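# Geometric and topological summary
Spelled out, the chains give:
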Amino acid sequence: MAAHYEQDFYTWTQEQAAFLKEGRFDLLDIPHLVEEVESMGKSQISEFASRLGVIIGHLLKLKVQTDRSEAHERSWRTMIRVHCEDLADHLDEN
């Protein structure tokens, strides 16, 4: 079973899902399942932080940069709105 995890991750995921659906908990690859669940959580937090960082960066540009053109300001405001919407979607999904 560990060989599938190392050599064919997709097949391993399908096997694990089938074992869970069938209630065959004795066949589950628990150490690797734990690793994957932990990794998923870390990935979600990292994505959230990245999206938030972009929003904060654009907000700082709007606040601090005084020699900006109207086009730049419009662009930053649009990017802030888009990233806020994306972040809200990400939070809803997770």
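This paragraph deals with the overall build of the protein chain. Across its full length, the protein chain holds 4 helices and 0 strands. Secondary structure of the protein chain in N-to-C order comes out as α-α-α-α. For a compact globule of 94 residues, the expected C-alpha radius of gyration is about 12 Å, and the protein chain comes in at 21 Å, more than 25% above that figure. On the principal axes, the C-alpha backbone points of the protein chain span a range of 65 × 25 × 15 Å. Taken across its 94 residues, the protein chain has 16% of its residues classed as buried. The contacts of the protein chain with a sequence gap of at least 6 include a subset with a gap of at least 24, amounting to 47%. Accessible surface, the protein chain: about 7,000 Å² in total, of which carbon and sulfur atoms supply 58%. Each charge sign in the protein chain was given a centre, from 10 positive and 18 negative side chains, and these centres are 13 Å apart.

On the surface, Glu 85, Asp 86, Asp 89, Asp 92 and Glu 93 cluster together into a negatively charged patch. Residue position: Asp 89 is located in helix 4 (residues 70-93).

Turning our eyes to something else, we now look at the side chain of His 58. Residue placement: His 58 occurs in helix 3 (residues 30-64). For His 58, a relative accessible area of 12% translates into the label buried. Residues contacting His 58, with those up to four places away along its chain left out, are Trp 76, Met 79 and Ile 80.

Looking now at the nonpolar core. Formed by Ile 55, Leu 62, Trp 76, Ile 80 and Leu 87, the largest nonpolar core amounts to 5 residues. Counting residues per element, this core draws most heavily on helix 4, which supplies 3 residues.

About the cut-offs
- Residues numbered from 1 in each chain as written.
- Predicted model: local features only at pLDDT ≥ 70, side-chain atom pairs only at ≥ 80, totals over all residues.
- Heavy atoms only, no water.
- Helix = DSSP H or I, 4+ residues; strand = E, 2+ residues; numbered from the N terminus.
- Rg over C-alpha atoms; globule rule 2.2 N^0.38 Å.
- Buried < 20%, exposed > 50% of the residue type's maximum accessible area, 1.4 Å probe, protein only.
- Contact = heavy atoms within 4.5 Å.
- Areas by Shrake-Rupley, 256 points an atom, 1.4 Å probe, with all protein chains shown as cover.
- Lys, Arg positive; Asp, Glu negative; His and termini not counted.
- Charge placed at Lys NZ, Arg CZ, Asp CG, Glu CD.
- Patch = residues over 30% accessible without salt bridge, like charges linked within 9 Å, V, L, I, M, F, W, Y side chains within 5 Å.
- Salt bridge = Lys/Arg side-chain N within 4 Å of Asp/Glu carboxyl O.
- Core = buried A, V, L, I, M, F, W, Y, C linked by side-chain atoms within 4.5 Å.

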